[in-house]
Amino acid sequence: MSDIDEKQMILYAQMANLVSLILQWPDINLKEIAENFSKLACNAHTVCDGELRPLGTGLYPVISIINHSCLPNAVLVFEGRTAVVRAIQHIPIGSEVMISYIETAGNTMTRQKALIEQYFFNCACPRCVKMGQSDDVIESAILEGYRCKGEGCNGFMLRDSDDKGFICQKCGLLRDKEEVRQIANEIKTLSNKVENLAASDRQKAVHTYKEIEDLQMNLFHSHSINLMRTREAILKILMELCEWQEALAYCRLTVPAYESGSIKSKLLLCSEHQQNIF
Ligand SMILES: C[S@@+](CC[C@H](N)C(=O)[O-])C[C@H]1O[C@@H](n2cnc3c(N)ncnc32)[C@H](O)[C@@H]1O
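Let me sum up the structure you'll find in this document. From a predicted model like this one, the values you see are computed outputs, not experimental measurements.

1. Here we look at the overall build of the protein chain
Alright, step 1. Tallying secondary structure elements over the protein chain gives nine helices and seven strands in all.
Alright, step 2. Overall, the C-alpha framework of the protein chain stretches about 70 × 45 × 40 Å when taken along its three principal axes.
Alright, step 3. For the protein chain, the proportion of contacts with a sequence separation of at least 24, taken over those separated by at least 6, is 48%.
Alright, step 4. When the accessible area of the protein chain is evaluated, it comes to approximately 16,200 Å², of which 54% is carbon and sulfur surface.
Alright, step 5. Averaging the positions of the 29 positive and the 35 negative side-chain charges in the protein chain gives two centres separated by 2 Å.

Listed below in structure tokens is the structure:
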């Protein structure tokens, strides 16, 4: 409980009060109920269907002893209500089975933030202990950084020391920060628009997401998470529209971001996703 921030504590206390109001037991221990809510948050898992849509929360005592790694060797999937842990690589006898509690397609800071906020711990996995080291900086620049505009260059870019923009670490080309800002603003405007469209007009939503995709292809590295998320959104709507061939093409486009570096756990889910569609 000591690791939980104040806002979360207040939420647990409010939930405990609600339980007390419903049960009306004279000797109810509010602190104990709040503690139980915090234990549930750290040990429960989101139960998803075959298309990774969340169905609810489940507490599985055996699964809850499995630790987290941002470089997992297994994934947790659900067959109905049954939780299944599936190896995604050879796990030698005596090695620890590790799953990921969070979306692994994110840079170290993003992942650490998610783990602290949702599970209240500082991750000490082999990927997180490399934070700030060159491998980690490169992975972050690929997943969340900008694209080099040099013809055929797929280098990653880092902010230049004069703060004029971003320098490609492969060919040395500078990308002006004003240009980056302008495209980012256009993407933001379209993203605000598309949120309202997704429920009301799917065709228009796909059209707008494709405009965002074009801008993001110009702005971000080809393995960018932002680009992948836009493609996942297009894929979801195409599936709802039963546009299977185009959905398959988009499903395949989302794979490279997961293949980059170490994000292979999601691949298994992605291939399952494809099997469910086709
Ligand atoms: C679902 S439990 C996992 C089992 C737990 N280690 C145990 O002994 O019961 C989740 C808790 O394990 C710890 N944990 C899991 N993965 C970790 C990691 N990669 N780094 C640090 N702590 C971790 C955290 O305290 C987290 O709240």
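Next comes the rest of the write-up.
2. Here we look at the side chain of Asp160
Alright, step 1. Along the polypeptide, Asp160 turns up in the loop between strand 5 (157–159) and strand 6 (165–168).
Alright, step 2. Engagement of the side chain of Asp160 in a polar contact is seen with the backbone nitrogen of Lys164, the distance being 2.7 Å.
Alright, step 3. Here Asp160 is in contact with Gly165, Phe166, Ile167 and Leu174, once residues within four sequence places are set aside.

3. Some details on the site of the ligand
Alright, step 1. Ser64, Asn67, His68, Phe121 and Ala124 are the nearest of the 13 residues found near the ligand.
Alright, step 2. With respect to the ligand, the side chain of Asn67 contributes an N or O atom lying 2.7 Å from a nitrogen atom.
Alright, step 3. Within the backbone of Tyr119, a nitrogen or oxygen atom sits 3.5 Å from an oxygen atom of the ligand.

4. Comments concerning the pattern of salt bridges
Alright, step 1. Counting across every chain of the model gives 17 salt bridges.
Alright, step 2. The residue Glu179 makes a salt bridge to Arg175 at a minimum N-O spacing of 3.2 Å.
Alright, step 3. Classification of Glu179 as partly exposed rests on a relative accessible area of 23%.
Alright, step 4. When its relative accessible area of 2% is taken as the criterion, Arg175 is described as buried.
Alright, step 5. Linking Glu246 and Lys210 is a salt bridge whose minimum nitrogen-to-oxygen distance equals 2.5 Å.

The rules behind each value
Residues numbered from 1 in each chain as written. Predicted model: local features only at pLDDT ≥ 70, side-chain atom pairs only at ≥ 80, totals over all residues. Heavy atoms only, no water. Helix = DSSP H or I, 4+ residues; strand = E, 2+ residues; numbered from the N terminus. Contact = heavy atoms within 4.5 Å. Areas by Shrake-Rupley, 256 points an atom, 1.4 Å probe, with all protein chains shown as cover. Lys, Arg positive; Asp, Glu negative; His and termini not counted. Charge placed at Lys NZ, Arg CZ, Asp CG, Glu CD. Polar contact = N/O pair within 3.5 Å; in protein donor to acceptor, adjacent residues only side chain to side chain. Near = heavy atom within 4 Å. Salt bridge = Lys/Arg side-chain N within 4 Å of Asp/Glu carboxyl O. Buried < 20%, exposed > 50% of the residue type's maximum accessible area, 1.4 Å probe, protein only.

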